[in-house]
Amino acid sequence: MFYIWLVLVFLLGACAGSVVNYCFYRLPLEKSLFWPGPRCGRCLRPIRWFDNVPLLSFVLLRGRCRSCSERISPRYPLIELLTGLLFAALFYVEIGQNVLGLPYLQMRRAAIAAGDIPAPAWAVFGCHAVLASFLLLTSLCDLDDMAIPLPITITGTLIGLACSALFAWPFPGAERALPSVSGFVPPRLPTGLYPWPVWYPLPVWLPPGSWQLGLATGLAGALAGMAVIRLVRFTYGMARGIEGLGVGDADLMMMAGAFVGWQPIVLSCFVAAFPGLLFGIFQLLRHGNQPLPFGPSLALGVVLTLWLWPSLGDFEALRLVFFEPGFLGGIIGGGAVFLLLAGLLFRFILGTPPKAEL
Ligand SMILES: [Zn+2]
């Protein structure tokens, strides 16, 4: 039964991919999403609903417009396929394998394997599927013309904040949250849809499972995503004498932060360096020293960090890093000094590049 859900989720993803396509085509051109309706780019005839079925229509029409036979870019079915696979993978990994380590899902393993997916599990999947769709859309825009349209990231941030208020840590199951005021440090902080709350121990006015705690967690994530990238960009760029990362990257991380909270967002900036390095080497080998969009790496970094979060291990050590103001300040200061030195070093070795090169 679980696998029937997997197929349905794939089809849902293909439909979401169709929406992603539509936004990807229209938003960078600053076209309206709602008027006019979908139409062929050449003959401008409206595309009827039965010619707009994800994946299927492309095959049935043999990749051509019904009215004028203009070739339809294979980009569209590819993105639909990709989104479908992304949704199916997300469902398999998060609900089937419970990689987020949610106790609620652990307790219902047998039921889930039998295809009985409880509503909170759908909520967890739903939030992350929306996040994944937005990350895919922003990555595509960034790959296409090195820019991430602000309407996408703003919309994503608002949806993320709504999710954070609706499904506050430790969703699902507020009853398993630990007492917040006793000063007792648990061996493990339970993970929820949002891996961790905004702060721990929780202040009295932010009880577990409350929308206030949820919104604070989402807002802190959005602010952290925006601030970290800008800080990195400013510090490194100042030392190096260039602008390092685009502002769109900060917007992307603001959006992702609203969905995952501030701790994973900060870590994912570092994790993103690994796919970034791989893409960078690949780009250098294939196209020479060209500017590289960093959005896709950041998106991958966010997903990887989210999935790896429960296996980070010892809470005692992590608590020190994330919930001790002095230690946290030290790390931020140390990071800034490191970036300054790295920037100065590269400036010394490579010189200041002309402005157009970025
Ligand atoms: Zn046409």
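Being a predicted model, the structure only gives us computed values, none of them experimental.

With that settled, consider the packing of aromatic side chains. A complete count under the given rule lists 17 aromatic pairs for this structure. When the centroid spacing of 6.5 Å and the interplanar angle of 90° are considered together, the rings of tryptophan 262 and phenylalanine 323 count as edge-to-face. Here tryptophan 262, found in helix α10 (residues 262-271), pairs with phenylalanine 323, found in helix α13 (residues 315-323); they are 61 residues apart in sequence, far enough to count as distant. Residue classification places phenylalanine 323 among the buried positions, given a relative accessible area of 4%. Here the aromatic residues Phe2, Tyr3, Trp5, Phe87, Phe91, Tyr92, Trp122 and Phe125 are joined through ring pairs into a cluster of three or more. Between the NZ or CZ atom of arginine 75 and the centre of the ring of tyrosine 76, over which it lies, the distance is 5.5 Å. Above the plane of the ring of tyrosine 104 lies arginine 108, whose end atom (NZ or CZ) is 3.9 Å from the centre.

This next bit is on the coordination of the zinc ion. The zinc ion binds to the protein through Cys40 (SG), Cys43 (SG), Cys65 (SG) and Cys68 (SG); the donor distances cover 2.3 Å. Relative to the metal, the 4 donor atoms surrounding the zinc ion lie at angles of 103 to 116°, and the coordination shape comes out tetrahedral. Read in sequence order, the donor residues coordinating the zinc ion give the pattern C-x2-C-x21-C-x2-C. Here the residue cysteine 40 occupies a position in the loop between α1 (2-26) and α2 (56-60), and cysteine 65 occupies one in the loop between α2 and α3 (75-96), the gap between them amounting to 25 residues. Take cysteine 65: its relative accessible area is 14%, and that puts it in the buried class.

Enumeration according to the criterion identifies 0 disulfides in this entry. Here cysteine 163 stays unpaired: no disulfide links it, and the sulfur of cysteine 127, its closest cysteine neighbor, is 3.3 Å away.

Before going further, it helps to examine the packing of helix α9 (residues 247-260) against helix α12 (residues 295-308). Viewed as axis vectors pointing N to C, α9 and α12 meet at an angle of 20°, and their least axial separation amounts to 10 Å. One element, α9, and the other, α12, form an angle in the roughly parallel class. You can see that α9 and α12 cross each other, and the crossing is right-handed. Between α9 and α12, the residues in contact are Asp249, Leu252, Met253, Ala256 and Val260 and Gly295, Leu298, Ala299, Val302 and Leu306, respectively. Here the residues of the contact of α9 with α12 sort into 8 nonpolar, 1 polar and 1 charged.

Time to look at unusual backbone geometry. A cis geometry characterises the amide bond from tryptophan 169 onward to proline 170, with omega recorded as 0°. Within the secondary structure, proline 170 sits in the loop between α7 (150-166) and α8 (211-240). Here phenylalanine 171 and proline 172 are connected by a cis peptide whose omega angle stands at -5°. Inspection of the secondary structure puts proline 172 in the loop between α7 and α8. Although it is not a glycine, leucine 44 adopts a positive phi angle of roughly 60°. Here leucine 44 is to be found in the loop between α1 and α2. Here methionine 146, not a glycine, exhibits a phi torsion of approximately 55°, which is positive.

What follows covers the layout of surface pockets. If a probe the size of a water molecule is rolled over the atoms, the empty space left behind becomes visible. Of the volumes computed, that of the second largest pocket is approximately 770 Å³. Taken together, 35 residues line the second largest pocket, and the ones lying closest to its centre are Arg39, Ile47, Asn52, Ile72 and Tyr76. Of all the elements in the fold, those that place two or more residues in the lining of the second largest pocket are α1, α2 and α3. Broken down by element, the lining of the second largest pocket gets its largest block of residues, 6 residues, from α1. Taken together, the residues of the lining of the second largest pocket break down into 16 nonpolar, 7 polar and 12 charged.

What counts and how
- Residues numbered from 1 in each chain as written.
- Predicted model: local features only at pLDDT ≥ 70, side-chain atom pairs only at ≥ 80, totals over all residues.
- Heavy atoms only, no water.
- Phe/Tyr/Trp six-rings, centres within 6.5 Å; stacked < 30°, edge-to-face > 60°.
- Helix = DSSP H or I, 4+ residues; strand = E, 2+ residues; numbered from the N terminus.
- Buried < 20%, exposed > 50% of the residue type's maximum accessible area, 1.4 Å probe, protein only.
- Lys NZ or Arg CZ within 6 Å of the ring centre and 35° of its normal.
- Donors = N, O, S within 2.8 Å, 3.2 Å for Na, K, Ca; no water.
- Tetrahedral: all angles 85-135°; square planar, octahedral: opposite > 155°, others 65-115°.
- Disulfide = S-S within 2.5 Å.
- Axes fitted to C-alpha atoms, helices over the stretch in contact; angles between N-to-C directions.
- Parallel < 35°, antiparallel > 145°, perpendicular 65-115°, else oblique.
- Left-handed = near helix turned anticlockwise from the far one by under 90°.
- Contact = heavy atoms within 4.5 Å.
- Nonpolar A, V, L, I, M, F, W, Y, C, P; charged D, E, K, R; others polar.
- 1 Å grid on protein atoms, 1.4 Å probe; cavity = no way out; pocket = protein on both sides within 12 Å on 5 of 7 lines; lining within 4 Å.
- Points joined across faces, edges and corners; volume = space filled by probe spheres on them.

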